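# An overview of the molecular structure
Spelled out, the chains give:
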Amino acid sequence: MARVYYVDTAVPSDRKKRRRHKTHAVFDGVRVFRVKKLTELEDASEIYIDAMFPQIYEELMELIKRNVKIFLLKNTRLLKRLREENGVEKSDEADAKLLSTIPKNHFKQLTAREVEQLTVKEINLLKLMKEYEMYVRWKKTIRQWMRIRKLDRLEECAKELQCLVKQYARRIIKEVKNNENYATTYRLVCKELGLKESFEVATLVVKLPLNWRLHRLKGLLGLTPYKSKNYNHRLRAHLSSLATSIYLNSRQYGVSTELLKDLEGLPPRAAICKLELKILRILKIAWQQQKQRMLAGGQ
């Protein structure tokens, strides 16, 4: 028998450990339960969701191909208002139940074309980033060879790779600025940091799992007092590069005094580390603001 489900969607964790896998809260009209993937709702005819994120595009696409109707809430401020009116504390389970009380005209049916277009954009952006990282590795290798023996051909190759790296960086920035999933976050972060544009910001906005809590993001980047050796060195390198550039060129960038507050008198390494933490908070806040706008239909 075909069923109707109301789902408080979650951004899946990129961790492989099951205990850390974020799940969707589902209300079937009687009880609330959890699923790792929306595709587990095999008997669904209609699914009402509060939000959609790049990480669940594939799930939505598969469901639509099964002729399951997917409806997206146009404005999640309705959920907040319902929680306040009913004196309900915010939780995944509560939101899943409240979705079932919202009139159907407040939802928009998603089409396969809409989801497919969003998926293609996401894939192309990640492909660009992968190719950028490949050229960076090649350039680094060539530079190492040049230390052993300087050859004109190697120097020419290094210059050509440098041009490619810059070209890809510009393309990635352009894609991020035109991507509705990241544009607002990118713009807000650059504005807060006093930057016109930044490849490092673009990379962090796309690659960082900003849906995580701040303390988990700190652990991921090795910004905790007792950091693990397994923190993400690549993402930390992007954050460090951004913080260092701002620290050394604050006057040129027009960085706000609030951002540089408490950095005076500190050793450069300590100041940059503190600046990294501030930038991470800015990224997290900007992501939250973008999420609110997307859910409210004000993209």
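Please read all numbers here as calculations on a predicted model, not as lab measurements.

Scoring rules and cut-offs
- Residues numbered from 1 in each chain as written.
- Predicted model: local features only at pLDDT ≥ 70, side-chain atom pairs only at ≥ 80, totals over all residues.
- Heavy atoms only, no water.
- Core = buried A, V, L, I, M, F, W, Y, C linked by side-chain atoms within 4.5 Å.
- Buried < 20%, exposed > 50% of the residue type's maximum accessible area, 1.4 Å probe, protein only.
- Helix = DSSP H or I, 4+ residues; strand = E, 2+ residues; numbered from the N terminus.
- Pairing = 2+ DSSP bridges.
- Axes fitted to C-alpha atoms, helices over the stretch in contact; angles between N-to-C directions.
- Phe/Tyr/Trp six-rings, centres within 6.5 Å; stacked < 30°, edge-to-face > 60°.
- Contact = heavy atoms within 4.5 Å.
- 1 Å grid on protein atoms, 1.4 Å probe; cavity = no way out; pocket = protein on both sides within 12 Å on 5 of 7 lines; lining within 4 Å.
- Points joined across faces, edges and corners; volume = space filled by probe spheres on them.
- Nonpolar A, V, L, I, M, F, W, Y, C, P; charged D, E, K, R; others polar.
- Parallel < 35°, antiparallel > 145°, perpendicular 65-115°, else oblique.
- Left-handed = near helix turned anticlockwise from the far one by under 90°.
- Salt bridge = Lys/Arg side-chain N within 4 Å of Asp/Glu carboxyl O.

### Describing the nonpolar core
Ranked by internal contacts, the top residues of the largest apolar core, which has 54 residues, are Ile-172, Leu-193, Val-201, Leu-208, Ile-246 and Ile-279. Looking at this core, the elements that each hand over two or more residues are helix H4 (112–148), helix H5 (152–177), helix H6 (183–193), helix H7 (199–207), helix H8 (214–220), helix H9 (233–248) and helix H12 (268–295). The leading source of residues in this core is H12, at 10 residues. Among the nonpolar cores identified, the runner-up in size contains 23 residues, and Val-26, Ile-47, Leu-63 and Leu-118 belong to it.

### Side note on the pairing of strand E3 (residues 32–35)
Of the two faces of E3, the one holding Phe-33 and Val-35 is buried and the one holding Val-32 and Arg-34 is not buried anywhere. Relative to E3, strand E2 (residues 24–27) is paired through four bridges, and the arrangement is antiparallel. Bridge pairing links Ala-25 to Arg-34 in E3. The hairpin turn running from E2 into E3, its antiparallel successor, is four residues long, and Gly-29 in that turn takes a positive phi close to 100°.

### Description of the sheet that holds strand E4 (residues 44–49)
Strands sit in the order E3-E2-E1-E4-E5-E6 across an open sheet of six strands; the sheet is mixed. In the strand order of this sheet, the two ends are held by E3 and strand E6 (107–109), each with one partner. Neighbour-to-neighbour, the strand axes of this sheet turn through a mean angle of 30°, independent of strand direction. Relative to strand E5 (residues 69–73), E4 runs parallel, the two sharing four bridges.

### Things to note about the packing of aromatic side chains
Enumeration according to the criterion identifies seven aromatic pairs in this entry. Centre to centre, the rings of Tyr-48 and Phe-107 are 4.9 Å apart; their planes meet at 80°, and the pair counts as edge-to-face. With Tyr-48 in strand E4 and Phe-107 in strand E6, the pair connects residues that are 59 residues apart, well separated along the chain. Geometrically, the ring pair formed by Tyr-135 and Trp-138 is edge-to-face, given 5.5 Å between the ring centres and 85° between the ring planes.

### Concerning the environment of Glu-89
Inspection of the secondary structure puts Glu-89 in the loop between helix H2 (77–86) and helix H3 (92–99). Residue Glu-89 is classed as exposed on the basis of its relative accessible area, which comes to 70%. Non-local contacts of Glu-89, meaning those with residues more than four positions away in its chain, are made with Arg-83 and Ala-94.

### What about empty space enclosed by the protein?
Per the counting criterion, the structure on display carries one cavity of 30 Å³ or more. One number sums up the size of the largest cavity: a volume of about 40 Å³. Looking at the lining of the largest cavity, the elements that each hand over two or more residues are H4 and H7. Among the residues forming the lining of the largest cavity, the class breakdown is four nonpolar, two polar and two charged.

### Quick notes on the packing of H5 against H7
Remark: H5 packs on H7, axes separated minimally by 9 Å, with the N-to-C direction vectors making an angle of 55°. As the angle between them shows, H5 and H7 are arranged oblique. Taken as a pair, H5 and H7 cross one another with a handedness that is left-handed. Judged by residue contacts, Ala-169, Ile-172, Ile-173 and Val-176 of H5 engage Phe-199, Ala-202 and Val-206 from H7. Counted by class, the contact of H5 with H7 contains seven nonpolar, no polar and no charged residues.

### Some words on the pattern of salt bridges
By the definition in use, this model includes 13 salt bridges. Here Asp-28 ties to Arg-3 by a salt bridge, and the two come within 3.3 Å at their closest N and O atoms. Here Asp-28, found in the loop between E2 and E3, pairs with Arg-3, found in strand E1 (residues 3–8); they are 25 residues apart in sequence, far enough to count as distant. Residue classification places Arg-3 among the partly exposed positions, given a relative accessible area of 29%. Note that Arg-83 is salt-bridged to Asp-95, the shortest N-O span being 2.7 Å. Of this pair, Arg-83 sits in helix H2 while Asp-95 is found in helix H3, placing the two residues 12 residues apart along the sequence. Just as Arg-83 is buried, Asp-95 falls in that class too. Sharing partners across several salt bridges, the network here consists of Arg-3, Asp-28 and Arg-31.

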